[in-house]
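Listed here are the chains, written in short residue letters.
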Amino acid sequence: MAGSVLSGFLGRRLKMKTVLTGIYGMRVFIAAGFLILPKTVPFAFAATALLGLNGDATVAPTTGLISRRVGVARMAVVYGAIFIGHQLGAFCSALLGGAAAGGPWGYSALWLADLVLSAAAAAASFLIREQ
């Protein structure tokens, strides 16, 4: 919740696409940390805190961008479609992640996929044209 509120405040001062790019960029660094840093208790606490702040932080800038693009009247339908897409993606990620975790790379394959997808999301967010 704190990450969502913070991103909402940042969205009032910065371009929302910049805030969204930063959020996805932070996810790239978290995933990279899981790939290259030693798995210690302090790292686990730091990574968990960052993931917690980052989890719902995309909501405020995403809804702001959608409402500016399509208007408040159509925002609920567009955001609902995006939400359903995210739920389907989460289901597929959990299913494929569980299968990949038992493979030869273990959880490293999951963090590598997360890193690549987060980098793609950051790049796509950066390319958004705000009105």
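Please refer to the structure placed before this passage.
What comes next concerns the included structure. All values reported here derive from a predicted model rather than from experimental measurement.

## Considering the overall build of the chain
- In terms of helices and strands, the chain carries six helices and zero strands.
- Reading the helices (α) and strands (β) of the chain from amino to carboxyl end gives α-α-α-α-α-α.
- Seen along its three principal axes, the alpha-carbon backbone of the chain occupies a region of about 50 × 30 × 25 Å.
- Every one of the 131 residues in the chain was classed for burial, and the buried ones make up 24%.
- Partitioning the contacts of the chain with sequence separation of at least 6, the portion at a separation of at least 24 is 73%.

## Remarks on the packing of aromatic side chains
- Taken as a whole, this structure holds two aromatic pairs when the rule is applied.
- Judged by centre distance (5.0 Å) and plane angle (75 degrees), the ring pair of Phe34 and Phe43 falls under edge-to-face.
- Classification of Phe34 by relative accessible area gives buried; the value is 18%.
- Taking the relative accessible area as the measure of exposure, Phe43 reaches 15% and is therefore buried.
- Between Phe34 and Trp111, the aromatic rings sit 4.0 Å apart at their centres with planes inclined by 0 degrees, giving stacked as the arrangement. Residue Phe34 is located in helix α2 (residues 16-36), and its partner Trp111 is located in helix α6 (residues 108-126); the two are separated by 77 residues in the primary sequence.
- One aromatic cluster is present, formed by Phe34, Phe43 and Trp111 through successive ring pairs.
- Over the ring of Phe126 we find Lys17; its NZ or CZ atom is 5.0 Å from the centre of that ring.

## A closer look at the packing of helix α1 (residues 2-13) against helix α4 (residues 59-70)
- Contact geometry for α1 and α4: axes closest at 7 Å, N-to-C directions at 45 degrees. Classed by the angle they form, the pair α1 and α4 counts as oblique. Contact with α1, carried on its side by Ser4, Ser7 and Gly8, involves Val59, Ala60 and Pro61 of α4 and no other residues of that element.
- Across the contact of α1 with α4, the residue classes tally to three nonpolar, three polar and no charged.

Calculation criteria
- Residues numbered from 1 in each chain as written.
- Predicted model: local features only at pLDDT ≥ 70, side-chain atom pairs only at ≥ 80, totals over all residues.
- Heavy atoms only, no water.
- Helix = DSSP H or I, 4+ residues; strand = E, 2+ residues; numbered from the N terminus.
- Buried < 20%, exposed > 50% of the residue type's maximum accessible area, 1.4 Å probe, protein only.
- Contact = heavy atoms within 4.5 Å.
- Phe/Tyr/Trp six-rings, centres within 6.5 Å; stacked < 30°, edge-to-face > 60°.
- Lys NZ or Arg CZ within 6 Å of the ring centre and 35° of its normal.
- Axes fitted to C-alpha atoms, helices over the stretch in contact; angles between N-to-C directions.
- Parallel < 35°, antiparallel > 145°, perpendicular 65-115°, else oblique.
- Nonpolar A, V, L, I, M, F, W, Y, C, P; charged D, E, K, R; others polar.

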